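Chain residues, written in single-letter form:
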Amino acid sequence: MINTAPYIRVAEELRRSIQELLGSVGILCRVFARGKDPLSFKNKIDKSNGKYSPSGKMIQDAVGVRVIVYFPEDIYIVEELLRKIYQCDEDACTIDIPDASVFSVTRHNLIFKVPIPWMREMPTPTMAAPVDATFEVQLRTILSEGWHEVEHDLRYKRPDDWMDNDSLSRNLNGVVATLETAEWSMRKIFDDLAYHHYKNGHWEAMLHSALRMRVNSRLSESLCNILDSNKILAKGLFRINRSSLFRNLAKLAPKLPLTLDNIVYLWNFVELGNDEIDELTPVFAREVFAATGNSPAIR
């Protein structure tokens, strides 16, 4: 019997680490992990026809993490953050490029080296479990996750049920196109909502709609007053670059409380350069922003 407990322990440690990383910058997501069980090992080995061995190609998904984000663009943000923390095995990654002429799912599966602190937990590879010291991260959106679960249990695991039913299989793939359209529509709705609040001077609601991140706080009256008197400045916040913001939040050390005020202070420091907001920014926060290597923005 294969002892799979080490894979489960490493998977849980990685889940906690990745959850903490993404939570520290406010990305809306769910993070799950699993260590492969003995039956999964047996099925994979039995189907491989000798593909895997300790001296050749080895299994790289004995430890698996899945990050499910709310919006498609956040997949690339999460990937960038993970690549800065973990060493990626580029040749082993599977990142599909969508084909406009074909109904098919796109995979965003990354392979990373298990970090040194947990490397010693990984068992020595054997013929029964030829596993190397890597782990797989699957990145999906919350809508595609549901489709993948249905497809995995009812098509991938039962291929004989679909023999000579190519048109139905294509229709199942076509559901993905519907979900992608729904994702685009949701994104457009939040963009329109942010614009509506921008036009009406509802700054806190504008920021929540534009940021689409996990931050539970009010925007201070002082910042609201500044935005009331400077619509160009407000437009700069309406057009905030989420990818750049997450990148800068990830660089902060120590981390600051994830509040709307701190987000405005940070974006003003790196991009807007407004003197009134600069005067409101706590000295400690400015020191943390400067320690990331960014120079204060100049208007």
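Our structure's up above, just so we're on the same page.
Residues numbered from 1 in each chain as written. Predicted model: local features only at pLDDT ≥ 70, side-chain atom pairs only at ≥ 80, totals over all residues. Heavy atoms only, no water.

A. Here's a closer look at the overall build of the protein chain. Helix and strand counts for the protein chain stand at 13 helices and five strands. Sequence separation of 24 or more characterises 72% of the internal contacts of the protein chain that already satisfy a separation of 6 or more. Accessible area of the protein chain: about 16,400 Å², with a carbon and sulfur share of 53%. Between the averaged position of the 37 positive side-chain charges in the protein chain and that of its 40 negative side-chain charges there is a distance of 1 Å. (Helix = DSSP H or I, 4+ residues; strand = E, 2+ residues; numbered from the N terminus. Contact = heavy atoms within 4.5 Å. Areas by Shrake-Rupley, 256 points an atom, 1.4 Å probe, with all protein chains shown as cover. Lys, Arg positive; Asp, Glu negative; His and termini not counted. Charge placed at Lys NZ, Arg CZ, Asp CG, Glu CD.)

B. Examining the side chain of Glu145 more closely. Structurally, Glu145 can be placed in helix 5 (residues 142-156). By relative accessible area, which is 13% here, Glu145 ends up buried. Of the polar contacts made by the side chain of Glu145, one reaches the side chain of Arg66; its length is 3.0 Å. Separated by 3.0 Å, the side chains of Glu145 and Arg140 make a polar contact. Apart from residues lying up to four places away in sequence, Glu145 is in contact with Arg66, Ile68 and Arg140. (Buried < 20%, exposed > 50% of the residue type's maximum accessible area, 1.4 Å probe, protein only. Polar contact = N/O pair within 3.5 Å; in protein donor to acceptor, adjacent residues only side chain to side chain.)

C. Structural context of the sheet that holds strand 4 (residues 108-113). What the five strands build is an open sheet, ordered 1-2-5-4-3; its pairing is mixed. Edge positions in the sheet fall to strand 1 (29-35) and strand 3 (94-95), since each has one partner strand and no second. (Pairing = 2+ DSSP bridges.)

D. Quick peek at the state of the cysteines. A complete count under the given rule lists zero disulfides for this structure. Note on Cys29: no disulfide assigned, nearest cysteine sulfur contributed by Cys88 at a separation of 19 Å. With relative accessibility at 4%, the residue Cys29 sits in the buried group. (Disulfide = S-S within 2.5 Å.)

E. Structural context of the pattern of salt bridges. Across all of its chains, the model carries 25 salt bridges by this definition. Between Arg83 and Glu79 there is a salt bridge whose closest N-O contact spans 2.8 Å. In this pair, Arg83 and Glu79 are both assigned in helix 3 (residues 73-85), four residues apart and thus about one turn of the helix distant. Judged by relative accessible area, Glu79 falls into the buried class, the value being 10%. Bridged by salt links that share partners, the residues Glu73, Asp74, Arg187, Asp191, Arg212 and Arg242 form one connected network. (Salt bridge = Lys/Arg side-chain N within 4 Å of Asp/Glu carboxyl O.)

F. Representation of the packing of helix 1 (residues 5-24) against helix 3 within the structure. Running from amino to carboxyl end, helix 1 crosses helix 3 at an angle of 125 degrees, the nearest separation of the two axes being 11 Å. Here helix 1 is positioned oblique relative to helix 3, judged by the angle of their axes. Taken as a pair, helix 1 and helix 3 cross one another with a handedness that is right-handed. Contacts from Ile18, Leu21 and Leu22 in helix 1 reach Val78, Leu81, Leu82 and Ile85 in helix 3. Within the contact of helix 1 with helix 3, the residues separate by chemical class into seven nonpolar, no polar and no charged. (Axes fitted to C-alpha atoms, helices over the stretch in contact; angles between N-to-C directions. Parallel < 35°, antiparallel > 145°, perpendicular 65-115°, else oblique. Left-handed = near helix turned anticlockwise from the far one by under 90°. Nonpolar A, V, L, I, M, F, W, Y, C, P; charged D, E, K, R; others polar.)

G. Fine view of the pairing of strand 2 (residues 63-69). Counting buried residues in strand 2 gives six out of seven residues, a clear majority hidden from the surface. Sheet topology note: the strand 1/strand 2 ladder contains seven bridges and is antiparallel. Bridge pairing in strand 2 links Val31 to Val67. Here six bridges tie strand 2 to strand 5 (residues 134-141), and the two strands are oriented parallel to one another. Each bridged residue has a counterpart across the sheet, and for Val65 the counterpart in strand 5 is Val137.

H. View of a positive patch on the surface. Together, Lys199, Lys231, Lys235 and Arg239 line one region of the surface with positive charge. Mapped onto the fold, Lys235 is located in helix 9 (residues 231-238). (Patch = residues over 30% accessible without salt bridge, like charges linked within 9 Å, V, L, I, M, F, W, Y side chains within 5 Å.)

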